[in-house]
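Summary of the model geometry
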Amino acid sequence: MPDTLTTLAPQQFASDNYAGICPEAWNAMFEANAGSVPAYGEDPWTRRAADALRDLFETDGEVFFAFNGTAANSMALAALCQSYHSVICSASAHVETDECGAPEFFSNGSKLLVAQTPDGKLTPDAIRALATSRSDIHFPKPRAVTITQPTETGQVYSIDEIKAISSLCRELGLRLHMDGARFANACAALGCAPADLTWKAGVDVLCFGGTKNGMGVGEAILFFDKALAEDFDYRCKQAGQLASKMRFLAAPWLGMLKDGAWLRNGQHANACAQRLAQGIADVTGVAPMFPVEANAVFLKGSESVLEGLRLRGWRFYTFIGGGARFMFAWDADPLRVDQLIQDIKKVSQ
Ligand SMILES: *Cc1c(COP(=O)(O)O)cnc(C)c1O
């Protein structure tokens, strides 16, 4: 029976998207399922969810909901750019490596300018070098910078790092977008208020990930500068991102934000990453590739070590730098993390 198989399959840490829906999001969906309400976002759930996000971010910015992060990022960047503009990102940015050209597609051609950052973090120097490399009419005009918080390599930009990037953006006339697919993990890691990591540090637009935080589906797009959101509702509709039963994209946010589940989920996931990092700290033969600051651990090990883990049933991706990526979600079982630690020890002997 497929049901039994799913239940019995041991938990994997290949992706935080392997997790199910957390109870808070699930219950909010259930509540929103009562009765009928107007469609296309004209319902009380959507209004309340947008207000809850504005409260959390201490802002009166504009809030939109999209089905996934690729669409959220692409539409947000498209809103910042004309087709002849360009967007500066890091070489390992999801927009560059994992969105199938969607940012260029939705912006009708705004080109991504890729900075070769060894650890996945953009720096002011790298941004300046790309933004000032050309100023002639033959080169797409730099218009925006996108940073991922936390990065695809599981590292967190400090408030000061974000401020340094945003002040350079102001100097060069660039807008700053933040891909926050795991934004909750960054807030949990830094113990900072969402506002401190975003508009107070100079971020213009945030894509706030709900899916990896424990929802079934959905991301929120927050424009801190309302002027940038002009006609964004039309853009969402044209991109196929206007949910007709919008309440089911919106209501889970209410569940997540009501009493802090979003942050607890991030804290738990981060703690599991720390548990793994500490558990293998003195194991020779494996080593973390990047500082473990959020919910990811990338382990460098010989091919035989990685193969040994696969043979013991562990699933993981190696698409960043060839190491084994383990990514923890709200539902990660600490005992299962301990099993992973034991298996890493065994295969590293
Ligand atoms: C998961 C993720 C996204 C969103 O991906 P979708 O599959 O489109 O929802 C965006 N950015 C980063 C860094 C991610 O890890």
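The structure presented is a predicted model; accordingly, all values stated were derived computationally and were not measured. (Residues numbered from 1 in each chain as written. Predicted model: local features only at pLDDT ≥ 70, side-chain atom pairs only at ≥ 80, totals over all residues. Heavy atoms only, no water.)

Let us now look at the domain arrangement of the protein chain. Entries for the protein chain in the domain assignment read domain 1 (4-19 + 261-347) and domain 2 (23-258). A C-alpha centroid distance of 27 Å is found between domain 1 and domain 2. Contacts between the two partners involve 22 residues from domain 1, matched on the other side by 26 residues from domain 2. Summed over both partners, the interface of domain 1 with domain 2 comes to about 2000 Å²; 58% of that surface belongs to carbon and sulfur atoms. (Domains from an automatic or database assignment. Contact = heavy atoms within 4.5 Å. Buried area = accessible area lost by both parts, 1.4 Å probe.)

Below, the discussion takes up the pattern of salt bridges. If you walk through the whole model with that rule in mind, you get 18 salt bridges. For Lys-121, the salt bridge identified is with Glu-161, shortest N-O distance 3.0 Å. You can see Lys-121 sitting in the loop between β3 (111-115) and α7 (124-131) and its partner Glu-161 sitting in helix α8 (residues 159-172), a full 40 residues away along the chain. A residue is classified by how much of its surface remains accessible, and Glu-161, at 32% relative accessible area, is partly exposed. Across the pair Lys-200 and Asp-196 runs a salt bridge whose closest N-O atoms are separated by 3.9 Å. Look at Lys-200 and you get partly exposed, because its relative accessible area is 41%. Among the ionic contacts, a cluster of salt bridges with common partners joins Arg-170, Arg-175, Asp-204 and Asp-225. (Salt bridge = Lys/Arg side-chain N within 4 Å of Asp/Glu carboxyl O. Helix = DSSP H or I, 4+ residues; strand = E, 2+ residues; numbered from the N terminus. Buried < 20%, exposed > 50% of the residue type's maximum accessible area, 1.4 Å probe, protein only.)

Surveying the vicinity of the ligand reveals the residues Asn-68, Gly-69, Thr-70, Asn-73, His-94, Glu-99, Thr-148, Glu-152, Asp-179, Ala-181, Arg-182 and Lys-212. One of the side-chain N or O atoms of Thr-70 is found 2.5 Å from an oxygen atom in the ligand. For the ligand, an oxygen atom lies 2.5 Å from a polar atom in the side chain of Lys-212. A total of 390 Å² of accessible area belongs to the ligand in isolation, and the protein chains cover 83% of it. Sort the elements by how many residues they give to the shell around the ligand and helix α4 (residues 69-80) lands first, with three residues. Considering only residue class, the shell around the ligand consists of one nonpolar, six polar and five charged. (Near = heavy atom within 4 Å. Polar contact = N/O pair within 3.5 Å; in protein donor to acceptor, adjacent residues only side chain to side chain. Areas by Shrake-Rupley, 256 points an atom, 1.4 Å probe, with all protein chains shown as cover. Nonpolar A, V, L, I, M, F, W, Y, C, P; charged D, E, K, R; others polar.)

Strand pairing within a sheet occurs via backbone hydrogen bonds; the two strands may be parallel or antiparallel. Ordered in space as β1-β7-β6-β5-β4-β2-β3, the seven strands form an open sheet in which the pairing is mixed. On the outer flanks of this sheet lie β1 (62-66) and β3, each paired with one strand and no other. Neighbour-to-neighbour, the strand axes of this sheet turn through a mean angle of 25°, independent of strand direction. Direction of pairing for strand β6 (residues 205-209) relative to strand β7 (residues 219-223): antiparallel, over a ladder of five bridges. Following the sheet pairing, Leu-206 is matched in β7 by Leu-222. Against the sheet, helix α3 (residues 44-56) engages β1, β6 and β7, with an angle of about 120° to β1. (Pairing = 2+ DSSP bridges. Axes fitted to C-alpha atoms, helices over the stretch in contact; angles between N-to-C directions.)

With that settled, consider unusual backbone geometry. The omega torsion of the bond from Gln-149 to Pro-150 falls at -10°, within 30 degrees of zero and hence cis. Turning to its location among the elements, Pro-150 is positioned in the loop between β4 (141-148) and α8. Its identity as a non-glycine residue notwithstanding, Asn-108 has a phi of 60°, on the positive side.

This model, assessed by the stated rule, comprises 15 aromatic pairs. When the centroid spacing of 4.9 Å and the interplanar angle of 55° are considered together, the rings of Phe-208 and Trp-253 count as tilted. With Phe-208 in strand β6 and Trp-253 in helix α12 (residues 247-258), this pair connects stretches of sequence that are 45 residues apart. Each of the two residues, Phe-208 as well as Trp-253, counts as buried. Ring geometry for Phe-316 versus Phe-326: centroids 5.5 Å apart, planes at 55°, classification tilted. With a gap of ten residues between them, Phe-316 in the loop between α14 (303-311) and β10 (324-327) and Phe-326 in strand β10 connect regions that are remote in the sequence. Given the relative accessible area of 11%, Phe-316 is considered buried. (Phe/Tyr/Trp six-rings, centres within 6.5 Å; stacked < 30°, edge-to-face > 60°.)

Another aspect to go through is the sheet that holds strand β9 (residues 296-301). The sheet built from three strands is open, its strands ordered β8-β9-β10 with antiparallel pairing. Either end of the sheet is taken by a strand with one partner, and the two such strands are β8 (286-288) and β10. Each strand of the sheet is rotated relative to its neighbour by a mean of 30°, with strand direction disregarded. Pairing of β8 with β9, which is carried by three bridges, proceeds in the antiparallel orientation. Opposite Pro-288, over in β9, you have Leu-299 as the bridge partner.

Take a nonpolar patch on the surface next. A cluster of nonpolar side chains, contributed by Tyr-18, Tyr-317 and Phe-319, occupies part of the molecular surface with about 310 Å² of accessible area. Structurally, Tyr-317 is set in the loop between α14 and β10. (Patch = residues over 30% accessible without salt bridge, like charges linked within 9 Å, V, L, I, M, F, W, Y side chains within 5 Å.)

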